[in-house]
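Given next are the chains, with one letter for each unit.
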Amino acid sequence: MKKAFLSMLIVLSIIVAKAQNTGIDKITSSYMGVKNALVGSNAPLVKTRSAELLAALSAPVKGLQPGQQKLMTTYLQKLKFDSRHMSENGALDHQREHFENLSKNMYALLSGLKLNSTTIYQQYCPMKKAAWLSETEEIRNPYYGDDMLECGKVTATLKGQ
């Protein structure tokens, strides 16, 4: 009986962890889409990807612990604010301004939650004095696109679960 109960608890904890990761992975993947569109200096695509990020941020993330839920609540409106502005404005410079705050808040959220299933790199551009997140170690600067594509360095790594 105890073994069956413990097995059931393990299965439930795996299901909850997958539900958390699914929501966080969708948010992270959507963020990367925005970042990659900025790297390509493609303002219409930034609008589309930002709308996708806004949708991902608007979907509930299930199974968070109380501390994680509090952290999510702390950053959710800030992330939505910048995503919304980027999705409504087609000016690349304006989108990049909002991306700076979006990236800062996304890093704070992901580093606090510790639920990302893949490794994420925080990268920093000394010319812009701003950071962003990337799915690869290779520098592809979203603030300057082709003008300074490789300007930056990795400053932190969030290991995947």
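In case you missed it, the structure is sitting above this.
Note that the structure is a prediction, hence the values are computed from the model and not measured.

Participant: Tell me what's going on with the sheet that holds strand S1 (residues 120-125), and back it up with residues and numbers.
Facilitator: Taken together, the three strands give an open sheet; going across it, the order is S2-S1-S3, and neighbouring strands pair in antiparallel fashion. The sheet terminates laterally at strand S2 (130-134) and strand S3 (153-158), the two strands that pair on one side only. On average, each strand axis in the sheet is tilted by 25 degrees relative to the strand beside it, whichever way the strands run. Relative to S3, S1 is paired through five bridges, and the arrangement is antiparallel. Among the inter-strand pairings, Gln-123 is bridged to a residue of S3, identified as Val-154. The sheet contacts of helix H4 (residues 92-113) involve S1, S2 and S3, and relative to S2 the element is tilted by about 55 degrees.

Participant: I'd like a description of the packing of aromatic side chains, backed by residues and values.
Facilitator: By the definition in use, this model includes three aromatic pairs. Ring geometry for Tyr-31 and Phe-99: centres 5.4 Å apart, planes at 15 degrees, overall stacked. Separated by 68 residues along the polypeptide, Tyr-31 in helix H1 (residues 2-39) and Phe-99 in helix H4 bring together distant segments of the chain. Take Tyr-31: its relative accessible area is 0%, and that puts it in the buried class. With a relative accessible area of 0%, Phe-99 lands in the buried category. Aromatic side chains Trp-132 and Tyr-143 sit 5.9 Å apart centroid to centroid with 75 degrees between the ring planes, which places their arrangement in the edge-to-face category. In this pair, Trp-132 sits in strand S2 while Tyr-143 sits in the loop between S2 and S3, placing the two residues eleven residues apart along the sequence.

Participant: Requested: an account of the state of the cysteines, with residues and values cited.
Facilitator: In this structure the tally under the stated criterion is zero disulfides. Its sulfur unpaired, Cys-125 is 3.7 Å from the next cysteine sulfur, which belongs to Cys-151. Residue classification places Cys-125 among the buried residues on the basis of a relative accessible area of 0%.

Participant: Break down the nonpolar core for me, with residues and values.
Facilitator: One finds Ile-27, Tyr-31, Leu-53, Met-72, Phe-99 and Met-106 to be the most contacted residues of the largest nonpolar core, which totals 36 residues. Residue assignment for this core shows that the elements contributing at least two residues are H1, helix H2 (43-58), helix H3 (66-88), H4, S1 and S2. Beyond its immediate sequence surroundings of up to four residues, Phe-99 is in contact with Tyr-31, Val-34, Lys-35, Leu-38, Met-86, Trp-132, Pro-142 and Tyr-143.

Participant: Please provide a residue-by-residue account of the pairing of S1, values included.
Facilitator: Among the six residues in S1, five count as buried, and that is most of the element. Where S1 and S2 come together, five bridges link them in antiparallel fashion. If you follow Cys-125 over to S2, its bridge partner there is Ala-130. Here S1 folds back onto S2 in antiparallel fashion, the turn holding four residues, of which Lys-129 has a positive phi close to 60 degrees.

Participant: Tell me about the packing of H2 against H3, and name the residues and values.
Facilitator: Contact pair H2 / H3: the axes reach a minimum separation of 7 Å and the direction vectors enclose 155 degrees. Classified by the interaxial angle, the pair formed by H2 and H3 is roughly antiparallel. As H2 runs across H3, the sense of the crossing is left-handed. Every residue of H3 that contacts H2 at Val-46, Lys-47, Ser-50, Ala-51, Leu-53, Leu-54, Leu-57 and Ser-58 is listed here: Leu-76, Leu-79, Lys-80, Ser-83, Arg-84, Met-86, Ser-87 and Glu-88. Classifying every residue of the contact of H2 with H3 gives eight nonpolar, four polar and four charged.

Basis of the calculations
Along every chain, residues carry numbers that run from 1 in the direction the sequence is written. In view of the model being predicted, local features appear only for residues whose pLDDT reaches at least 70, and side-chain atom pairs are presented and counted only at 80 or more, with totals across whole chains, interfaces and linings using the full set of residues. Excluding hydrogens and water, the side-chain figures rest on all heavy atoms present in the structure. DSSP bridges decide pairing: two strands pair if at least two such bridges lie between them. Under the scheme used here, helices are H or I runs from DSSP no shorter than 4 residues and strands are E runs no shorter than 2 residues, and both carry numbers assigned from the N terminus. Between the N-to-C directions of two axes lies an angle of 0 to 180 degrees, each axis being a line fitted to C-alpha atoms and, for a helix, fitted only over the stretch in contact. Here a residue-residue contact requires only that any non-hydrogen atoms of the pair lie within 4.5 Å. Centre distance within 6.5 Å is the pairing criterion for rings of Phe, Tyr and Trp, where only the six-membered ring of Trp is used; planes under 30 degrees apart are then read as stacked, over 60 as edge-to-face, and the remainder as tilted. Burial classification: accessible surface area is computed with a 1.4 Å probe over protein chains only, and a residue below 20% of its type maximum counts as buried, one above 50% as exposed, and the rest as partly exposed. Cysteine sulfur atoms are paired as a disulfide whenever they fall within 2.5 Å. Put simply, a nonpolar core is a bunch of buried Ala, Val, Leu, Ile, Met, Phe, Trp, Tyr and Cys residues held in one set by side-chain atoms that sit within 4.5 Å of each other. Should an angle fall under 35 degrees it is called roughly parallel, over 145 degrees roughly antiparallel, and 65 to 115 degrees roughly perpendicular, with every other angle called oblique. Crossing handedness follows the turn of the near helix against the far one: under a right angle anticlockwise gives a left-handed crossing, and clockwise gives a right-handed one. In this classification, the charged set is Asp, Glu, Lys and Arg, the nonpolar set is Ala, Val, Leu, Ile, Met, Phe, Trp, Tyr, Cys and Pro, and all remaining amino acids, among them Gly, are polar.

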